[in-house]
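Architecture at a glance
Listed here are the chains, written in short residue letters.
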Amino acid sequence: MEKGTGTPAAGGSCPQKNAEILSSQYGINLFLAGLLLTFAWAVHAVGISKSHLLSYLITLMLIQLLWMLWYLCRSCTQRRLIRDKDTHAGARWLKCGITLFAVITLILDSFKIGYYIDFSNCLSPTEGIFPVTHAAHTILQVYFLWCHAKDIIQSFKTLERFGVIHSVFTNLLLWTNGVLTESKHQLNEHKERLITLGFGNITIVLDDHAPQCNCTTTTLCSIFSQGIYYLYPFNIEYHILASTMLYVLWKNIGRKVEHHQQHKTPFKFHGITVGMIFGLIVLTSTIAVVVVYLIQIGRSKIKSELALTMFYLHAIFVLALMCTAGVVALLIYRLEDRSLDNSKNPARKLDAELLVGTAAGSWLLSWGSILAIICAQAHPKYTWFNLPYSVLVIIEKYIQNLFIIESIHREQEKANDDIKTLRIVTISRGSTLSLTPSYKEIYNGRAARDIGELPCLVSSSICARESDGGGGANEETSQGNSPVTRSASEFSFYSRSSVADNKRRILKNIAAFLFLCNLSLWIPPAFGCRPEYDNGLEEIVFGFEPWIIVVNLAMPFSIFYRMHSAASLFEVNCKT
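Rules of the game
Residues numbered from 1 in each chain as written. Predicted model: local features only at pLDDT ≥ 70, side-chain atom pairs only at ≥ 80, totals over all residues. Heavy atoms only, no water. Patch = residues over 30% accessible without salt bridge, like charges linked within 9 Å, V, L, I, M, F, W, Y side chains within 5 Å. Areas by Shrake-Rupley, 256 points an atom, 1.4 Å probe, with all protein chains shown as cover. Salt bridge = Lys/Arg side-chain N within 4 Å of Asp/Glu carboxyl O. Helix = DSSP H or I, 4+ residues; strand = E, 2+ residues; numbered from the N terminus. Buried < 20%, exposed > 50% of the residue type's maximum accessible area, 1.4 Å probe, protein only. pLDDT = per-residue confidence, 0-100. Contact = heavy atoms within 4.5 Å. Phe/Tyr/Trp six-rings, centres within 6.5 Å; stacked < 30°, edge-to-face > 60°. Axes fitted to C-alpha atoms, helices over the stretch in contact; angles between N-to-C directions. Parallel < 35°, antiparallel > 145°, perpendicular 65-115°, else oblique. Left-handed = near helix turned anticlockwise from the far one by under 90°. Nonpolar A, V, L, I, M, F, W, Y, C, P; charged D, E, K, R; others polar. Core = buried A, V, L, I, M, F, W, Y, C linked by side-chain atoms within 4.5 Å. Expected span 1.5 Å × (residues − 1). Bend = angle between axes of the 7 residues up to and from the residue.

**Side note on a nonpolar patch on the surface**
- Side chains of Leu371, Ile374, Ile540, Val541 and Phe542 sit close together on the surface and give an oily, nonpolar patch of about 430 Å² of accessible area.
- Breaking the nonpolar patch down by element, the ones donating at least two residues are α9 (346–375) and α19 (537–542).
- With respect to the helices, strands and loops of the structure, Ile540 is situated in helix α19.
- Residue classification places Ile540 among the partly exposed positions, given a relative accessible area of 45%.

Below you can see the structure in the form of structure tokens.
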């Protein structure tokens, strides 16, 4: 184990690379073992029960708790030392988001504890220990991420690599466990809905591992069992966000950073009224559609078909608006000549990779639906709406990914070159106090009204003659030409500033609109509104079991994509 706080030697890069490879392989094997254990429990493998899976997860969480406590104690003893920080990692809005999901996860854990107490006669003790351990793990992990998500670890690097990667894959396994449990609940309801739509030839029996005893208090058991599945989407998002933040921390271990000031970009509602209004309209209508869908689906064949048609029409309209907004934003970018920031940034690189990687889940489902529509022999009327819906899902994610990735790689806008020239010239003339207005005054166009020499100072040729010549004839010439120069420079300066303002305002409104739209499209699949399950056409073409496997694998990535896109668009809005 090495310990160092300075710049590592050139020969130290090889051991560090080996430590990174070893820790990553450790994490992958940890995850694969847990994944196979989860799969074995799901398919009722001989000798594997839920208590074995929970025992494995409890052990992983306890190991992570010990490592986090050790790291926090060591940080307290070294708090006077100056540590490097990654200013791009662990943004405040991201910490607030994960805290919100963590609070709801704690409510979920309390429901699980209550559920265990009511069914304690026939449940394994591990089902009571697991939520208690998970609650402690959640509280300490959120505190750890709030305090140390930006750290760039330079001491005990090998040990820390194993500790952080253990935490990453522990959260991924907890995410997998939550996805599987929530998916099994969705499948039980899905079977009943297909029967109401007339697909009675599907005779697969699904098992939800229900307790084999009676509940002590029926009312509380019903509240706990139903409430747990409505809270699972937040638990799933919490663990995937935690794993991404921890992964960035792992990538930053031993990293060299350039010490430069990072400009804070707080979120402001000013100037995004239009985008917010349209986004809130989409959000409100989506919630209404989800409520109607969940009420009507499965009641009767006619009501189910109407619910599916309503969902598809609403989604088609929203996706078309999002595609249009994304195209407008990309066209504005093509009209601008601004360089991209290609500096090394693990957080930004991970954001881009997650956008493309998780979008593949939706693309897989969309192509499956398109093939099912093409190959199916019979087409109920509501299934035809699935075709434009699936095509728009593919196009919208393609456009949105381009917009977000280019936005997070664009350099922030710097001061106008004319303003820089203005400051330099006024300093050379020795009249900075009386002639140089503030940047905000120049930007808002107020300085030119108050300072008559602004056009002269902006005009490089006139200012050069004044400062170099120093003669009365040159001064008289410049003064004589000042009205013409003033009007020309004012027009040029104000037109450039007005165009830039309008572009930035449009981009901010588009980012705000897409942010709310992605939140809106996260709600339906997260809370059980999943037409991929319910329209039945894909099951007929691909078979029930193959299509259900595809949906269960792809849907979690599709859900995460929407939440991650919303988070990225929030950052884009702050940066624009």
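Additional details are given in the paragraphs that follow.
**Description of the confidence of the model for the protein**
- Chain-level pLDDT for the protein is 77 on average; 72% of the residues reach the 70-or-more range.
- In the model of the protein, helix α15 (residues 454–458) stands out as the element of lowest mean pLDDT, 40, in contrast to helix α4 (residues 126–148), which has the highest, 93.
- Counted against residues more than four places away or in other chains, residues 1–12, with its pLDDT under 50, gives 15 contacts.
- Taken as a whole, residues 415–480 scores under 50 in pLDDT and shows 65 contacts with residues more than four places along the chain or in a different chain.

**Some thoughts on the packing of aromatic side chains**
- Taken as a whole, this structure holds 20 aromatic pairs when the rule is applied.
- On the numbers, 5.8 Å between centres and 55° between planes, the contact of Phe515 with Phe570 is tilted. Taken as a pair, Phe515 in helix α17 (residues 472–526) and Phe570 in helix α20 (residues 544–575) lie far apart in primary sequence, 55 residues in all.
- Members of the aromatic cluster, connected to one another through ring pairs, are Phe101, Phe234, Trp522 and Phe527.

**Focus on the packing of helix α8 (residues 301–335) against helix α10 (residues 386–409)**
- Following both chains from N to C, one finds α8 and α10 inclined at 30°, their axes separated by 8 Å at the closest point. By the angle between their axes, α8 is roughly parallel relative to α10. Taken as a pair, α8 and α10 cross one another with a handedness that is left-handed.
- In terms of residue class, the contact of α8 with α10 is built from 20 nonpolar, four polar and three charged.

**Considerations on the nonpolar core**
- Membership of the largest hydrophobic core comes to 122 residues, with the highest contact counts inside it found for Phe144, Phe311, Met322, Tyr389, Phe403 and Leu514.
- Counting residues per element, this core draws most heavily on helix α6 (residues 218–251), which supplies 16 residues.
- Those residues in contact with Tyr389 that sit more than four places away from it in its chain are Phe311, Tyr312, Ala315, Ile316, Leu319 and Glu532.

**Some details on α20**
- Spanning 32 residues, α20 covers 46 Å between terminal C-alpha atoms, matching the ideal 46 Å at 1.5 Å per step.
- Considering bend angle alone, the principal kink of α20 is centred on Ala554 and spans about 30°; proline Pro556 follows within four residues of it.
- Burial runs high along α20: 24 of the 32 residues are buried.

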